[in-house]
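# Structural overview
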Amino acid sequence: MRHFAFASTVFASLLAVGCGVPKAGDSCNVTGFLCESASAALECKVGKWTALPCKGANGCRREGDTVKCDMSGNVENDACASSAERKGLCTADGKATLECIDGALKKTNTCRTCMVSGETVVCQP
C-alpha cells in the first residue's frame, strides 16, 4: 500500500480563528492538510482548498499532527498533494505505475507486476 503522510498545522489554526470546517473550493490562507472525510483530504493550494482522494482501504486519517492519505486505490487523473509531486505508486491491480505530475496522477509504466519497497516503486516489465 502507498500512504502519504502530510504534516499539518492547519487544524489548530482553523480552531484558533473559528472559521468552521472548510470544503473543496473554499478560500484558505494557511499551509497544510485536513481530512475532509474518511476518503478525502484537503490541501490549501494557491489560496483554495483542493480535494485529494484517499481511495485506499485506510482512507484519510489524522495521527497526532500528521494527516495520512492512503492513495493505494487512486487512479490516473486523481489529484495528488504538492508533497507527493514526482513520487510514484502502483495501481490497485499492480499492473502499472502512477506518478504525481503537476498535481495529478499520471500513468507512467505498464508492468507485469508492480510493488512498493520503502520509497521505491518497482515495476517488472
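From a predicted model like this one, the values you see are computed outputs, not experimental measurements. (Residues numbered from 1 in each chain as written. Predicted model: local features only at pLDDT ≥ 70, side-chain atom pairs only at ≥ 80, totals over all residues. Heavy atoms only, no water.)

### Details of the sheet that holds strand E7 (residues 88–90)
Read across the open sheet, the 3 strands follow the order E7-E8-E9; overall the sheet is antiparallel. Each edge of the open sheet is held by one strand with a lone partner, namely E7 and strand E9 (104–110). Neighbour-to-neighbour, the strand axes of the sheet open up by a mean angle of 30°, direction not taken into account. Bridge analysis of E7 against strand E8 (residues 96–101) gives 3 bridges, and the strand direction is antiparallel. When the bridges of E8 are listed, Leu 89 appears paired with Leu 98. (Pairing = 2+ DSSP bridges. Helix = DSSP H or I, 4+ residues; strand = E, 2+ residues; numbered from the N terminus. Axes fitted to C-alpha atoms, helices over the stretch in contact; angles between N-to-C directions.)

### Concerning the sheet that holds strand E4 (residues 48–53)
An order of E2-E3-E4 is seen for the 3 strands of this open sheet, with the pairing classed as antiparallel. Edge strands, defined here as strands with exactly one partner in the open sheet, are strand E2 (33–37) and E4. Each strand of the sheet is rotated relative to its neighbour by a mean of 35°, with strand direction disregarded. The pairing of E2 with strand E3 (residues 40–45) spans 4 bridges and is antiparallel. Residue pairing across strands places Cys 35 opposite Ala 41, the latter belonging to E3.

Keep in mind that these numbers describe shape and distance, not what the molecule does.
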